[in-house]
Amino acid sequence: MKKNLPFLLIVVLFIFSCSKKKPVVSTFAGNGAMAYKDGKSDQASFSNLMGLALDEQGNVYVADSRNNLIRKIGADGIVTTLAGSGAVGSADGKGTAASFFNPVAITADRNGNVYVADTHNSLIRKIGLDGTVTTLAGRPVEKNKRPIFDNPMAITTDGAGNIFIADWIHDQVREISPAGKVTTVAGSGDPGAKDGKGMAASFYLPEGIAADDKGNLYVSDTYNNLIRKINKDGVVTTLAGKLKKGSANGKGAAASFSHPAGIAVDKKGNVFVADAGNNLIRMISPGGVVTTLAGTGDRGKQDGDAETATFYRPLGVATDTAGNLYIADYQNNLVRKISRQ
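Residues take numbers from 1 onward in each chain, read along the sequence in its written order. Per-residue local features of the predicted model are confined to residues with pLDDT of at least 70, and side-chain atom pairs are confined, for both listing and counting, to 80 or more; whole-chain, interface and lining totals are unaffected and use all residues. Each side-chain value is derived from all of the structure's non-hydrogen atoms; neither hydrogens nor water enter the calculation.

Peer 1: Lay out the overall build of the protein in plain terms, naming residues and giving numbers.
Peer 2: Secondary structure elements are taken from DSSP: a helix is a run of H or I of four residues or more, a strand is a run of E of two residues or more, and numbering for both begins at the N terminus. Scanning the protein from N- to C-terminus turns up one helix and 29 strands. Here the C-alpha coordinates of the protein stretch approximately 80 × 50 × 35 Å along the principal axes. Restricting to contacts in the protein with at least 6 residues of sequence separation, those with at least 24 account for 42%. With an accessible surface of roughly 15000 Å², the protein has 53% of that area assigned to carbon and sulfur atoms. In this count, Lys and Arg are taken as positive residues and Asp and Glu as negative ones, while His and the chain termini are left out. For this purpose, a charge sits on NZ of Lys, CZ of Arg, CG of Asp or CD of Glu. In the protein, 39 positive and 31 negative side-chain charges are present, and the distance between their average locations comes to 5 Å. Two residues qualify as a contact provided that any one of their heavy atoms is within 4.5 Å of a heavy atom in the partner residue. In this description, accessible areas are obtained by the Shrake-Rupley approach with a 1.4 Å probe, and a residue is regarded as covered only by the protein chains that are shown.

Peer 1: Tell me what's going on with the pattern of salt bridges, and back it up with residues and numbers.
Peer 2: Between Lys or Arg on one side and Asp or Glu on the other, a salt bridge is scored when a side-chain nitrogen of the former is within 4 Å of a carboxyl oxygen of the latter. Applying the stated criterion to the full structure yields twelve salt bridges. The shortest N-O distance in the salt bridge between Asp195 and Arg228 comes to 2.9 Å. You can see Asp195 sitting in the loop between β15 (182–186) and β16 (196–197) and its partner Arg228 sitting in strand β19 (residues 226–230), a full 33 residues away along the chain. You can call Asp195 partly exposed: its relative accessible area is 40%. Summary of the burial criterion: residues with accessible area below 20% of their type's maximum are buried, those above 50% are exposed, and those between are partly exposed, where the area comes from a 1.4 Å probe applied to protein chains only.

Peer 1: Please provide a residue-by-residue account of the packing of aromatic side chains, values included.
Peer 2: Pairing of aromatic rings covers Phe, Tyr and Trp, the last through its six-membered ring, and needs centres within 6.5 Å; plane angles under 30 degrees mean stacked, over 60 mean edge-to-face, and all others mean tilted. The full count for this structure, using the stated rule, is three aromatic pairs. When the centroid spacing of 6.5 Å and the interplanar angle of 65° are considered together, the rings of Trp168 and Tyr223 count as edge-to-face. With Trp168 in the loop between β13 (163–167) and β14 (172–176) and Tyr223 in the loop between β18 (217–221) and β19, the pair connects residues that are 55 residues apart, well separated along the chain. Relative accessible area serves as the criterion here: at 19%, Trp168 is assigned to the buried category. On the basis of relative accessible area, Tyr223 is assigned to the partly exposed category, the value being 37%. Ring geometry for Tyr204 and Tyr223: centres 5.7 Å apart, planes at 55°, overall tilted. Taken together, the residues Tyr204 in the loop between β16 and β17 (208–211) and Tyr223 in the loop between β18 and β19 connect sequence positions 19 residues apart. Put simply, the rings of Trp168, Tyr204 and Tyr223 touch in pairs and so form one group of aromatic residues.

Quick look at the structure:
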C-alpha cells in the first residue's frame, strides 16, 4: 500500500488541478458601438465607459463618461439609465433631470447609495435610492481660485461611510466623512513618488483607489506606474511596480505596469489592477506578488480563456462577493466579466 502512495498523490493533485476553474473572460454588456442605447445587455451601448461598481444585490453601475450618464445593469441583464440627461451640466435632480460632465468613476455603499466622481465638473455627486442626484462636495473650477477637488478620477467607500477620492490634478488622496467634512489623507500636492506618512508622501496623477475591510487604501499611482498602499494610520508605502513602464510579473519592485488605472480588492486581500497601457488585468497577492490574470497584451475584444482573451485600454475594475471581476473596457465600449469561480 505504501508503494502506491506517490502515484495516488499524483492522481489526487491532477484531479484537483483539473477541477479548479481557470478564469474565463466574457462580454457582460454592450454591443461595441460607441453610442447610447438601453435594453438587453447584448443590445445596449456605451460611449467610452470608464468606471464601474457593484452593490450588494449584484447590480452593476457604469460611469458612461462620454455620454455624461450613469447607467445600471440589473441582475436581469437589462441596461437602464440611472441618472443624467446626456447633456453637459451639473444640475441636481431626479434621474434624467440631473446632469454630469464626463463622470469617470463610481462606487456604491452598503445602503445602496451611489457616489460619482463627476470629473470635469470637479464635483462629488450622490445618487440616492430613489434616483435623486445631489452634489455632495466640491465646487466648479474657477480662475485664480483653488477648487476643493480638481478633476477627481477615482472614488471608493469604506464600511464606516467614509468616501475616498483620488484627486487627480492635486496629486492627493482626499476623504469625505459621513458628516461631509473634506480632509487630505495623503499627498503633498506636488508630483512625486515619495513614501511616508500623510502629506509627507507624494503621488503623480493617481487614477484608481480601493479600500479593504481592514482600513487600508490601495492607489493606482498612474503616472508613476506604481501601486501604493495607505494603511489605517495614513502611512504610504509602495506595494508594487517601478517608475519605468513595463509588464513584468514578480514581487514588489520586480514587477512593472504601464498606466495602471482602476483598482479593486477582494475579501481575501487580492488587489486587481486595470493595467491600461498594457491592455492587461493584473493581480497582486496579499504577499505582494504580481501576476497577469487576463489578457495577452494585444488590443482586441476576444472572449475566452484568460490567457488568450484581449482588451483595449481597460480603465475600470470591480469585484463581486463571489470573486468575479467586471471590467470597463474603454476603447471597446464594453463591460467585460472575468469569471473566477
